[in-house]
Amino acid sequence: MKKNLVFLFSYLFLILFDCGLLPPLVASTEERPIKYEISVELLPETQMIKARETITWTNLTRDYVPDLQLHLYWNAFKNELSTLAREARRENLFRRYRPKKDRWGWIKILSLTTAEGGDLINNSSFISPDEPYNPDDETVLRVELPEPLAPGQAIQLNLEFQGKVPANGLRTGVYRDGYFISQWFPKPGVYEEGKGWNCHEYHLNSEFFADFADFLVRITVPQNFVVGACGEEVDRHLDPKNGKATYTYRQDNIHDFAWTASPRFLKIERWFRGDEEVTPEEYQKMSELLGLPLEEVKLHDVKMILLIEKQHRKQVERHFKALRAALKYYGLWYGPYPYRTITMVDPPFRTGSGGMEYPTLFTAGTSVLAPAQVLSPEGVIIHEFGHNYWYGMVANNEFEEAWLDEGINTYSTGRVAARAYGPGQLPLRFNGLPLNWFIRLPSTYDWQTDRLFISAITRLDPIVNPSWKFYNSGSYSLNVYMRASTCLNTLERLLGEKTWARVMRTFQQRYRFKHPKTEDFISVVNEVSGKDLSWFFEEFFWSTKDFDYGISLVQSQLKPGKQSGVFEPALPGSFPVQKEQKSDQERPDKKISKKIYQSTVIVRRYGEARVSPEEKIKLKVVFTDGSVEWREWDGQGRWARFEFEKPARIKQALLDPDGVWLLDSNLANNSYTEKGPVARIVSASTNLLWLMQNFWLTLSSLL
């Protein structure tokens, strides 16, 4: 009787959703081109899945569309000839993804028909849309339609497929009885009006791009498995006779769906309640900063779901504290989180799925020994949740412009971590054991480490670049994550907190549930700031120019009390007489009462990148008597000279003293301090450290 009541209420719940009598899972007025209904079963005895899928795709463009293109990502792990395998081998990373014998992963479509029963299998073929051409890659399937799909017309595809879960997958995988299942179902690319399908192969460095859709997914697993998935669980059906359980999840307006299953999970649920996490004073301050009504900055309640491995149970509170901070600050700064649930997964051991993001679900990653002074898993939790804003809601094309997600989110992660925790130590491990308990490293903020790590890769690749066209994985990561983040931190310092806060809020809200490009971000920056900052993006996002301004010479010399030379006017009838004359021409009978120093500072542009002429670089000069002189340089030439005449020597000179230009690749040459024995040692050590840093970073990026 109890089981029947549960079924009855669950069925009623689904009907109410369909009739619109309950609040929507997410509010959006945008029309979505895709609807998915999928039923999948996990078969642990063979580490496979079998599934039925219905895709309804509507042509929302003015084009007549002759075909559909589907991603079959798991075929990247099918053999050594896939595009991903070839790229991994090129970087000596193939061993990481090469499984043991008979553990390859793959996906195979068993049937593909239209709603009318038309068979499309014979109209299908694998294509290689990217360069270099790879005829052996099977991650993009082209399905030719019986006739072109007219504007506004919809087509329904019915598929049956099976897949072998990759043992050594990238972002997905299985280890013993732990499964993380992502990029697992045939998924259409994005059709772009006038251009055709944007449907790239699965590359080593690339992530994903898909249209927003409505999902209804039924997941069948052994009864003892704990399941987590994107969206909300709306039904659960137990089948004790067969020892199975079926979980039904639903979520509207997301562009991907992932799930996980393991008998070793602990499942814990908590609530984030906006009015408990945010004080009235914080709401008021944010309202004034953004120039928005108070109601627009209020945060909604969100159910937080944690699936954590049993051996990590002592870290439950660390996980929830980090997630609360992320929900709070991303919500206050960029707009309330619009979904009703967020699922946080401590990923199954050795499944290769740690630190990844999916709509309303993300994976973290930790270890049994996790020192408190190292912000891990906290930093991973904040970062991967944050992707729900930049990858999840503002859904850029990660294949082609990864920085719009990774760079913006790296910047955002650093801000949240700084606000919630302050600086943290970098992790230091030996054979998996943390050394931070014994070796005290200095604590740093994320923006500091981001700036530190980018100096060696600026000349390799631009930030805006297709993911598979970077020099290597190191260049990809450092450019689209850390270098892009450093650019955004620079813009914040350049424009000021209020203006930049409004830039970021405007971009997030305007492009929620859309597919913005770099040009859209630039337009928002220019619009909100009231300045044309296109030069900034041309110089730092689309070029490989090094940015390095520095001080090349500082000197102070005592002005002589008398000058030697010929001083009679060389006019007709005059006869030059050589003599010595005091420099104080107005009072030749008096001695100079105090010393006067003639001082010079020469600044140089060592790199090729330049600031805009309107954005001056400041020079601060401090003298031994405590006085301060300020100068500005437009930075256009290769060098500039500044001269001073004062009764004191130069004690200190600072170029960009406010630290606005974080992109400067060599901060060691931005300052001068009057030389003494200690100052010389410090200066030499600083330069040596900079040289060592760049040597090792350059070496590591080339390996």
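In what follows, the structure referred to is the one given above.
Here is what the cut-offs are and how they apply
- Here the residue index of a chain counts from 1 through its sequence in written order.
- With pLDDT at 70 or above as the cut-off, local features in this predicted model cover only qualifying residues; side-chain atom pairs require 80 or more to be listed or tallied, and sums for whole chains, interfaces and linings still use all residues.
- Note: side-chain values were computed over all heavy atoms of the structure, leaving out hydrogens and water.
- Here a helix means four or more residues in a row that DSSP labels H or I, a strand means two or more in a row labelled E, and each is numbered from the N terminus.
- Burial classes: relative accessible area under 20% of the type maximum marks a residue as buried, over 50% as exposed, and values in between as partly exposed (1.4 Å probe, protein chains only).
- For this analysis, residues touch if any pair of their heavy atoms sits within 4.5 Å.
- Computed with the Shrake-Rupley method and a 1.4 Å probe, the accessible areas treat only the protein chains shown as cover for residues.
- Whether two strands pair comes down to DSSP finding at least two bridges between them.
- For every element, the axis is a line fit to its C-alpha atoms; helices are fit only across the contacting stretch, and the angle between N-to-C directions ranges from 0 to 180 degrees.
- Given the number of residues in a helix, its expected span is that number minus one, multiplied by 1.5 Å.
- Values of bend correspond, residue by residue, to the angle between axes fitted over the seven residues ending at that residue and the seven starting there.
- Here a polar contact is recorded for every N or O atom pair within 3.5 Å, except that within protein the pair must consist of a potential hydrogen donor and a potential acceptor, and residues adjacent in sequence are included only if both atoms are side-chain atoms.

Caption draft 1: The overall build of the protein chain, seen in detail. Along the backbone of the protein chain there are 15 helices and 33 strands. Counting over 703 residues, the protein chain shows a buried share of 52%. Long-range contacts, defined here as pairs at least 24 residues apart, represent 74% of the contacts in the protein chain between residues at least 6 apart. Per element, the accessible surface of the protein chain, about 32400 Å² overall, is 53% carbon and sulfur.

Caption draft 2: Inspection of the pairing of strand β17 (residues 259-262) at higher detail. Every second residue of β17 is oriented toward a common face, with Trp259 and Ala261 on one face and Thr260 and Ser262 on the other, all of them buried. Pairing geometry for strand β9 (residues 178-181) and β17, over 3 bridges, is antiparallel. Of the residues in β17, the one forming a bridge with tyrosine 179 is alanine 261. In terms of strand pairing, strand β14 (residues 226-229) meets β17 through 4 bridges, oriented antiparallel.

Caption draft 3: Main features of the sheet that holds strand β25 (residues 549-558). One open sheet accounts for 3 strands, arranged β25-β28-β31; its pairing is antiparallel. Each having just a single partner strand, β25 and β31 (639-646) make up the two edges of the open sheet. Ignoring strand direction, the axes of neighbouring strands in this sheet form an average angle of 15°. Sheet topology places β25 next to strand β28 (residues 597-605); 9 bridges connect them, and they run antiparallel. Paired with tyrosine 549 across the strands is arginine 605, a residue of β28.

Caption draft 4: Here's a closer look at the sheet that holds strand β20 (residues 341-345). Judged by pairing direction, the sheet is mixed, and its 5 strands sit side by side in the order β18-β19-β20-β22-β21 without closing on themselves. The sheet is open, and its two borders are formed by β18 (265-272) and β21 (357-358), each paired with just one other strand. One ladder, built from 2 bridges, connects β21 with strand β22 (residues 361-363); its direction is antiparallel. When the sheet's bridge partners are listed, glutamate 357 is paired in β22 with phenylalanine 362. Here helix α8 (residues 378-393) sits on the sheet in contact with β20, β21 and β22, set at roughly 145° to β22.

Caption draft 5: The arrangement of unusual backbone geometry in detail. Look at the link from glutamate 131 to proline 132: it is a cis peptide, with omega at 0°. You can see proline 132 is positioned in the loop between β5 (124-126) and β6 (140-149). Omega for the peptide link from serine 376 to proline 377 comes to 25°, which places this bond in the cis form. Here proline 377 shows up in the loop between β22 and α8. Unlike most non-glycine residues, threonine 360 shows phi in positive territory, near 65°. Its location among the elements puts threonine 360 in the loop between β21 and β22. Overall, threonine 360 belongs to the buried group, its relative accessible area being 0%. A positive phi angle, close to 65°, is found at phenylalanine 513, a residue other than glycine. Locating phenylalanine 513 in the fold gives a position in the loop between α12 (497-510) and α13 (518-529).

Caption draft 6: Spotlight on the environment of asparagine 253. Among the structural elements, asparagine 253 can be located in strand β16 (residues 244-254). Assessed through its relative accessible area of 0%, asparagine 253 is described here as buried.

Caption draft 7: Inspection of helix α11 (residues 473-495) at higher detail. Helix length check: α11, at 23 residues, gives a terminal C-alpha distance of 32 Å against a target of 33 Å (1.5 Å per residue), a fit within 8%. Asparagine 479 marks where α11 bends most, by close to 35°. Judged by how many residues are buried, α11 sits mostly within the fold: 18 of 23 residues are covered. The N-cap residue of α11 is asparagine 472: its side-chain oxygen and the backbone nitrogen of glycine 474 are 3.1 Å apart.

Nothing here speaks to function; it is geometry throughout.
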